[in-house]
Structures are given as structure tokens and as C-alpha cells.
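Coordinate inspection notes
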Amino acid sequence: MLSTILEVNNLKTYFKKNKRIVRAVDGIDFKINAGEIVALVGESGCGKSMTSLSIMGLVPSPEGKVVEGEILLDGVNLAELTEKKMYKIRGKEIAMIFQEPMTSLNPVLTIGDQLLSVIIYHLKLPKREAEQKAIEMLELVGFSDPEKLLKSYPHRLSGGMRQRVMIAMAMSCNPKLLIADEPTTALDVTIQAQVLELMKEISIKFSTSILLITHDLGVVSELADRVIVMYAGQIVEIANIDDLFDYPLHPYTVGLINSVPKIEGEIERLQAIKGNVPAPGTIIEGCRFAKRCNKVFERCTKEMPALRKMDGTRSVRCFLYDDVGGE
Amino acid sequence: MGSTSLLEFTSPLNMEEVNKVIEEETLLEVQNLKMYFPIKAGIIQRVVGHVKAVDDISFRVRKGETLGIVGESGCGKSTMGRALIRLYEPTGGSVLYDGIDITKLPERALRPLIRKKIQMIFQDPYASLNPRKSLGNLLKEPLKAHGLYANSTERNEKIKELLEVVGLHSSSMNYYPNEFSGGQRQRIGIARALVLNPELIIADEAVSALDVSIQAQIINLLEDLQSQFNLTYIFISHDLSVVRHIADRVGVMYLGKLVELADKNDIYSEALHPYTQALLSAVPTIRQKGTINRDRIILKGDIPSSSNPPTGCVFHTRCPAKIKACETIVPQLKEVQPNRFVACHLYDNPQIV
């Protein structure tokens, strides 16, 4: 059995908005094993980004707060750590890359300044060795002239290059977990292919676990080992990558897969999911997907289904599978 | 036009052929369209160069078809869409709509003709809707501007009907744009484009900002409207899967140039241009049981700047199949097979194809 790197138990992150409480993340449980790439999938507002920010301890405060649950990184509960202790974790144990790298790079500092500060702070290396390490990292992510790059400012780089700098920075302290929040969404397809390839190489080389957050099922299929599907703040399905795309169980997962136009093969008409994603903070009785579900029956509108374990790796939150297998 | 006289000569059994001729009637013809933006520098803002956003592009759009235009950011696809209807004044070339050259028309003549018959749908509908006007007023505006319908009641009727067509409740007339979700706003954007009964709709990344489940709804809606109102679409998008789904023919742009243009099935099953091949292979796909593993061509480097494009073929700096001629000679878009156009020196010699 592989060792567990991250374990999230009953995590709840709530927001206060106009005196109402928005349950952005509403009781989720999952695990990430060593060296595994786990994708967190869902549409906007499903709580996937808020989950990652909760793990990093970056939930916007004071309006947002992790109100309940545990986030265990190698047995240490991050939810209880002080901000000072989180400083030592962020960047060292868990690193994060974002959708738009320009917003996470400081425009008035050179790439070298920013990369070195991370390495010096966490690895406590003298400047010369840190520089050596920085050059090594930049070469690793595919830059041919890293010495020159260290002296450049972020605005001189293209989107793809910036994202590679971010990956170099994230990997420089050899983190246990890399959280990638829509890492290729802002990139063009040919550049996206480069970055995805790089992330694959890196996860193998460093045996780093990756939590990949994305809305793009194609990217998931390229990169992930296991998939967690979220809807309206809850997990609706967990499955291995092949199981998920070959035999999706939850009607929402089925809908998601069917509504994506495919590059191969012809479909006459896309099967859209009716209705809209519920606005955050809407209180829904019963199953949260019931209103849009094409297999809805009476029980769905009255009771909330639990996330049930089906077999070894698979869980689903749906009454349709109440009598099938599992515990 | 030609189609009526054709009917007289063809036997009724040959209706299929007639339909084909009508179908292939050209609605829009673009000839050598150029859109350059000056780069200014210094105190007196001297022009020191040009960004060649659209550089010498020619193609036809047939009546009733959907022409997909794909390309990565900065390839000039959106600029081209805008230059077509003179939201930018093209630097050169001509755009013939039903035989009339749009680029030569004075602004006054443009309105009744082009501003009515060609409409645009944008990526972010919220940015193109006035937040201080109710939906009803937003949709009534174009009708008033073009002096359609005699009175307010008739206009209201028309708008109610239109809202139902795009899948919104007619009571939403009194709501303001901020009260709608992203998908609903795109429906409003579509209603706004349809209100003048256009013939051609240019959709610029119309579904790119939407969640997949909503995206599918809007794509289906666009398809329904096309058959219902006999619309012609130019569908500009970076999403190759969406274009495969919606388009009949596809044009591929790279750094201001059209590098390939062909029927959708030809492009997606056997692309000719090395850029198209790389682009298609780079799209992340859902792998299900039975999905064939495709070879991935990973292009090196980034897209060069369009203010200083490479000499010869603009793609030669990244092309895996580069030959000597590519560095110096600009390849022209040529018909290498019936209805298949490609701009690449690999196909200079017709025997190769």
C-alpha cells in the first residue's frame, strides 16, 4: 500500500457574504498518495479552488474560514497551524502554481531575485549555492540560457515561459505536494502541451504528488491517475482515471463527459446538462444535483445521498447506486 | 440569381444537385485582406513599424455554412473578424458581401446594408451589454435605430418572441444584465445579434468563457438557430474540439496568415500543414476505451511576435518539416486538392499530395 501524503477529513470552508453563509466547501474527504496525480474537477463555483486554498491556508480572511475538519499533511494538521508555522510549510512542503503566472510573479523583481529568495529562505543555502540550484531548476524546466533568465524581469517572458518559471520555483524545494490550479488554462494549446509534458516528467522525476485543479476533462485525461468530481461544494464521485471515463457513475459526471465536444469522432448533438450551476450560497434540499439530473426520482429531492464507497477505489454520491456493491 | 435559371434546366429528379449549387453560393468573399497597426515611437510618435495582425488573407464563405477559424492567441483571428465588418478599417484588400465591396462603402451606406445583415457575438457578453439598460430596452435599441416596426407594442411582441427562441423567459425583459448568469447572458448576446434578422453571424470565442455543461447548451442553440433562420456563421475559436463539432469548413491561422483551409473532415482526419498537424495533436483529449493513442507533436518555442515576424514562411522557426525554401520564400495559399487549400512549400510540387 502506498503511503498517504495528504488526507482531508470533513473539510468545511464557509464564507460570509451579505450576512449570508456560503458553504463553498461543504464537508469533503479525500486522500492523496505519494507520487500520485489527483485531479479535482468541476465547474466554476463548485469549490475546487477553495479546497486548494484551504489546504494552503490561503482562504481570504476574515470573510472566509475553514470552520471544520482536518487537513493532514504527513500526519500534521495544517488547519490548526499558526500562520508563522504555515510559512515554513508553504513553498517547502506544499507548493502551488496558478492559472495566471504573471499575477504570482512580482513585476519589479528579476526572476533571479524571486527564485533565490524561495531557495535561500527554505533551504538555507548560501547565495552562491542557491544560484547554482536556481540555474539547475531552470534548466530542468527547459530553459536553454538560465544565467541570462535570472537577470530578466517577468514581463519579458511569454505566458508559457512564466508558467515554467513558476514550476521551477515550486519544485526548487522538492515539495511533497504540488497544487496546480488550472495551470494550463490561460495557455495556447501548443504551449499547453509543452507544460503538461513537463509536469508529467517532474512528477516522475521527483515523485511529487500533484493535486491538479481543472475544469478541462482533456487535461485530466492526459495527466491524472485519479479523479475527484465536485459539484456545489461536495464530492460527487471519486474514481481511477480509466474507470471514470469508461464507466462514469454519477449522472453529473456522465453529463460533464457528454457535453464536451470531442476532437475525435463525430457526435450529432451535444448532450447538454439542463439548467445552470446553482449560485453559491443557494440552499438546496436533497441532492444538490437533483434539479439538473435526468435520472431524478422522488427521494432525490427530499434526502441528501451520502458519498458511498463502491469498491476499492471508487465512491459515488447518488441514490441510483444504493443497492449496488459497497459497504 | 443563377439559381433560378438553373432550376429551369434541371430535371426535378436532380434537386439534390440544385440544392448543392444553392448551398455553395458565395455569401462573403474576402480578397487579400490586410490589417496593419502602426507602431509609434519617440516624441513625435513617428511610425517605426507595423504589427501585421492580418496579412493578406483570402477566402470565401458559402451561404448557410459554418466556417470555423482557429488559431492560437495573437494569430489575428479576432482582428480579422472585426476587420471584416469594419470595426477596424482594413489596411488593404476587399470584402465582398453579396458582390458589394464593404471596404469601399461610406459609413452611411454601411448601416442599412452591413450593420443589419452581419452581426457579431462576443466572448464576454457582459462587456457588450449596457448594465444600466433593461433587457427589453437593450434589444429594442437596434430595432429603433434601424426604424423597424411601427410602434412600441409591435417591437415588444417581436422581442418576446425572440427571447423564447433563445431559451429565455419572456418576463425577463424587465431584468438588467447583472441579474443573469453567464450562460443566460450569452443567450442575450445571441438574441441581440438576432434581433435584426441577420444573414451572417460572426461569433468570436462565443462559448469560450462558459462552463462545459453550459457551453454545450449554447452550441446546441447556435445549431438550432442556424437551421431555423438559415444563418451563415463565421465561428472564431481557439478550441479545436468545439470547432470540429460546429463547423463545416475550417481555416487555420498562424501569425496573421491563413495557413490551411479545407472541409472539416479533411482537416481533422488528415491535416496537410505541419502547423495544423501539431495544433491538432496538442489538444488534450478524453481517452476512453477504444480511443486511439495519437502521436503528439510538441512544438518547440513560442509564437514569434507579429511586429517582427520571421522571413519566408512565418512558421519556419518552429516547423518540424522545414526545408531550405521556407526561410526566404513566403508560401502562398494554394488549392492542392479540390477544396483543400494550404500554404506550405512541402506541397509546391503537386505530385507529392
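Scroll up a little and you will see the structure.
Quick caveat: nothing in here was measured; it's all calculated off a predicted structure. (Residues numbered from 1 in each chain as written. Chains lettered and ligands numbered in written order. Predicted model: local features only at pLDDT ≥ 70, side-chain atom pairs only at ≥ 80, totals over all residues. Heavy atoms only, no water.)

Residue and element names in this part refer to chain B. All of the buried residues in helix H5 (residues 135-145) are Leu135, Gly136, Leu138, Leu139, Lys140, Pro142 and Leu143. Packed against the buried residues of H5 are helix H6 (152-165) and helix H7 (182-194). Gly147 sits one or two positions beyond H5 and adopts a positive phi of about 60 degrees. (Buried < 20%, exposed > 50% of the residue type's maximum accessible area, 1.4 Å probe, protein only. Helix = DSSP H or I, 4+ residues; strand = E, 2+ residues; numbered from the N terminus. Contact = heavy atoms within 4.5 Å.)

Residues and elements named next belong to chain A. In this structure, strand S1 (residues 4-17) lies alongside strand S2 (residues 20-33), joined through eleven bridges in antiparallel fashion. By the bridge assignment for S2, Tyr14 is matched with Arg23. Count of turn residues in the S1/S2 antiparallel hairpin: two residues, of which Asn18 carries a positive phi of about 45 degrees. (Pairing = 2+ DSSP bridges.)

All names here are of chain A. It is at 10 Å that the axes of helix H7 (residues 159-171) and helix H8 (residues 189-206) come closest, and there the two elements cross at 10 degrees. Considering their axes alone, H7 and H8 lie roughly parallel with respect to each other. With respect to the hand of their crossing, H7 and H8 are arranged in right-handed fashion. Across from Gly160, Gln163, Arg164, Ile167 and Met171 in H7, the residues of H8 making contact are Ile191, Gln194, Val195, Leu198, Met199, Ile202 and Phe206. Partitioning the contact of H7 with H8 into residue classes produces eight nonpolar, three polar and one charged. (Axes fitted to C-alpha atoms, helices over the stretch in contact; angles between N-to-C directions. Parallel < 35°, antiparallel > 145°, perpendicular 65-115°, else oblique. Left-handed = near helix turned anticlockwise from the far one by under 90°. Nonpolar A, V, L, I, M, F, W, Y, C, P; charged D, E, K, R; others polar.)

On to the pattern of salt bridges, then. All names here are of chain B. Tallied over the full model, the rule gives 27 salt bridges over all chains. When the shortest N-O distance is used, the salt bridge between Lys63 and Glu25 registers 3.3 Å. Placement of Lys63 in the loop between strand S2 (46-62) and strand S3 (66-70) and of Glu25 in the loop between helix H2 (15-23) and strand S1 (26-41) is noted, with a sequence separation of 38 residues between them. The partner of Lys322 in a salt bridge is Glu327, and the shortest N-O contact between them spans 3.0 Å. Its relative accessible area of 39% is what places Lys322 among the partly exposed residues. (Salt bridge = Lys/Arg side-chain N within 4 Å of Asp/Glu carboxyl O.)

Contacts between the two partners involve 44 residues from chain B and, on the opposite side, 42 residues from chain A. Here chain B and chain A share an interface that buries about 3900 Å² over both sides, 50% of which is from carbon and sulfur atoms. Considering only the surface of chain B that becomes buried against chain A, B:Val212, B:Pro284 and B:Ile286 emerge as the three largest contributors, covering 16% of it. Our count for the contact surface shared by chain B and chain A stands at three salt bridges. (Buried area = accessible area lost by both parts, 1.4 Å probe.)

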